[in-house]
Amino acid sequence: MQLPAKGTGQGDTSASTPREVAHEVNSQELLGNSGQLVIHHEQRRYVLRRTKSGKLILNA
């Protein structure tokens, strides 16, 4: 079985349907000086925080 060539429109949705561009935000803008952000999503509370090593962790 041979797959259609990329960009032929068959099985390649990028040619026919434009994708929504992701919203980009600098983590410092979100986390501020406290280093954490509380997010309420679908009746749950999440905390996005910056670790001591600079990584991000999301906890419910």
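Below is a summary of the structure that appears in this document. Sequence positions are assigned chain by chain, starting from 1 and proceeding in written order. Totals for whole chains, interfaces and linings use every residue, but because this is a predicted model, local features are given only for residues with pLDDT of at least 70 and side-chain atom pairs only at 80 or more, for both listing and counting. Excluded from the side-chain calculation are hydrogens and water; included are all heavy atoms of the structure.

**A few points about the environment of Thr51**
Under the DSSP-based scheme used, a helix requires at least four consecutive residues in state H or I and a strand at least two consecutive residues in state E, with every element numbered from the N terminus. With respect to the helices and strands, Thr51 occurs in the loop between β2 (44–50) and β3 (56–59). For every residue, the accessible area obtained with a 1.4 Å probe (protein chains only) is divided by the maximum for its type, and the residue is called buried under 20%, exposed over 50%, and partly exposed between those limits. Owing to a relative accessible area of 17%, Thr51 belongs among the buried residues under this scheme. In this structure the C-alpha to C-alpha distance between Thr51 and Gly35, which are 16 residues apart in sequence, comes to 8.2 Å.

**Some remarks on unusual backbone geometry**
Phi at Glu42 is positive, roughly 45°, even though this residue is not glycine. Among the structural elements, Glu42 can be located in the loop between β1 (36–41) and β2.

**Some points on the sheet that holds β2**
One open sheet accounts for three strands, arranged β1-β2-β3; its pairing is antiparallel. Across the chains shown, the open sheet's two edge strands, defined by having one partner strand only, are β1 and β3. Neighbour-to-neighbour, the strand axes of this sheet turn through a mean angle of 20°, independent of strand direction. Only strands joined by at least two bridges in the DSSP assignment are considered to pair. Alignment of β1 against β2, held across six bridges, turns out to be antiparallel. The partner of Leu37 across the bridge, within β2, is Leu48. To get an axis, a line is fitted to the C-alpha atoms, and for a helix only the part in contact is used. The angle between two axes follows their N-to-C directions and goes from 0 to 180 degrees.

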